[in-house]
Amino acid sequence: MKTDPSDSITDKGAPDDEDSNPEDHNRAGNSVMVKPIINAIRILRHLTETGTPERAADLARLLSINPSTCFNILRTLVAEDILDFDRRAKTYTAGLGLAKLAGNMVTEGQRLEAARPLMQEFAARFGVTVTLWRRMGTDRIVLVNSETSPADLRIDMATGQRLPMLMGASGRLFASRLDLEAPELRAVFDKIRWARPLSFETYLQEVEQCRQQGWSLDDGYFSAGIMVIAAPVCDRNDNIAYTVSAVMFRGQYDEAGIETVGREIKDLGQKLAAMLF
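Attention here is on the structure that accompanies the text. (Residues numbered from 1 in each chain as written. Predicted model: local features only at pLDDT ≥ 70, side-chain atom pairs only at ≥ 80, totals over all residues. Heavy atoms only, no water.)

### Remarks on the overall build of the protein
Step number 1: The number of helices and strands found in the protein is nine helices and 10 strands.
Step number 2: When burial is assessed residue by residue, the protein has 41% of its 277 residues classed as buried.
Step number 3: Contacts in the protein between residues at least 24 apart in sequence constitute 54% of all its contacts with a sequence separation of at least 6.
Step number 4: Roughly 15,100 Å² of accessible area belongs to the protein as shown, and the carbon and sulfur atoms make up 49% of that amount. (Helix = DSSP H or I, 4+ residues; strand = E, 2+ residues; numbered from the N terminus. Buried < 20%, exposed > 50% of the residue type's maximum accessible area, 1.4 Å probe, protein only. Contact = heavy atoms within 4.5 Å. Areas by Shrake-Rupley, 256 points an atom, 1.4 Å probe, with all protein chains shown as cover.)

### Side note on the pairing of strand β10 (residues 240-249)
Step number 1: The element β10 is extensively covered by neighbouring structure, given that nine of its 10 residues are classed as buried.
Step number 2: As paired strands, strand β5 (residues 129-136) and β10 are joined by six bridges and run antiparallel to one another. Within β10, the position partnered with Leu 132 by the bridge is Val 244.
Step number 3: Judged from the nine bridges that link them, strand β9 (residues 226-234) and β10 form a sheet pairing that is antiparallel. What sits directly across from Val 228, in β10, is Val 247.
Step number 4: Between β9 and β10, which pair antiparallel one after the other, the connecting turn spans five residues, and Asp 238 there sits at a positive phi close to 65°. (Pairing = 2+ DSSP bridges.)

### Description of the packing of helix α1 (residues 35-50) against helix α3 (residues 67-79)
Step number 1: Between α1 and α3, the shortest axis-to-axis distance is 10 Å and the interhelical angle comes to 70°. Classified by the angle their axes make, α1 and α3 are roughly perpendicular. Residues Pro 36, Asn 39, Ala 40, Ile 43 and Leu 44 of α1 form the contact with α3, whose participating residues are Cys 70, Ile 73, Leu 74 and Leu 77. (Axes fitted to C-alpha atoms, helices over the stretch in contact; angles between N-to-C directions. Parallel < 35°, antiparallel > 145°, perpendicular 65-115°, else oblique.)

### Here we look at the side chain of Thr 131
Step number 1: As for its placement among the helices and strands, Thr 131 is situated in strand β5.
Step number 2: A polar contact of 3.1 Å, which involves the side chain of Thr 131, links it to the side chain of Trp 133.
Step number 3: When near neighbours in sequence (up to four residues on either side) are disregarded, Thr 131 contacts Met 119, Leu 143, Asn 145, Ser 146, Met 157, Thr 243, Val 244, Ser 245 and Val 247. (Polar contact = N/O pair within 3.5 Å; in protein donor to acceptor, adjacent residues only side chain to side chain.)

### As for the sheet that holds strand β6 (residues 140-147)
Step number 1: Taken together, the six strands give an open sheet; going across it, the order is β7-β6-β5-β10-β9-β8, and neighbouring strands pair in antiparallel fashion. A single partner strand is all that each edge strand has here, and the edge strands are β7 (162-164) and β8 (216-219). Taking the axes of each pair of neighbouring strands and ignoring which way they run, one obtains an average angle of 30° across the sheet.
Step number 2: Against the sheet, helix α5 (residues 108-126) touches β5, β6 and β10, its axis set at about 60° to β6.

Geometric descriptors of this kind do not, in isolation, establish any biological role.
Written as structure tokens, this is what we have:
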């Protein structure tokens, strides 16, 4: 009978790991060591430590796990939302369900750290800087994370900076949720310093468009020469707790490309919400 060469536990009398009886496994002291569980933990540890998508065959080879056993473990973890499976690339990555399992045991800082790979992947895929802003009180937002693309020419943004809550692409998201009458919103709008002229009427139109499509756009008003596309990251009560933004140079994408980035940043916001809350 074949065993996984790297395992410190040997199977005796079981034809396949996934079908074996726990009583047939070796024991350490009085505890039963269940080999498929250990292999599942090894797979999870490898995927979370490397942060690299892996195919089933490669995982089996790297971890010296029987290929059919490895595939069955992966299939089970995907079914339980612990891993994500990319059908096109046929690769596995750590899923949001894994973060949810430990959600009550980690701090906000640890959750934000766990969200970094998603932001890094997005930044590399679209050649943008991805920023995460957290709402502070009733009138400010603060930049809590920024991930740049690996491109030679990129936009760097320092964490810790604060902005008026209604400014930029993030501001349009908040404005679309605030129950403010036009005069109240106008009073706040007039206090914001824009990089180039922006009429209140245009701002209102963009807020309404944001409300309809679920993502917002700031075309050089926040900062000259910079376009920002943002989406909400909502808490369990559907309140905007964070916003996630794709920051790029104006003209970097055409209209169709902007629509694509908008849809994808909206999807990223939903993934981050599931991870952070």
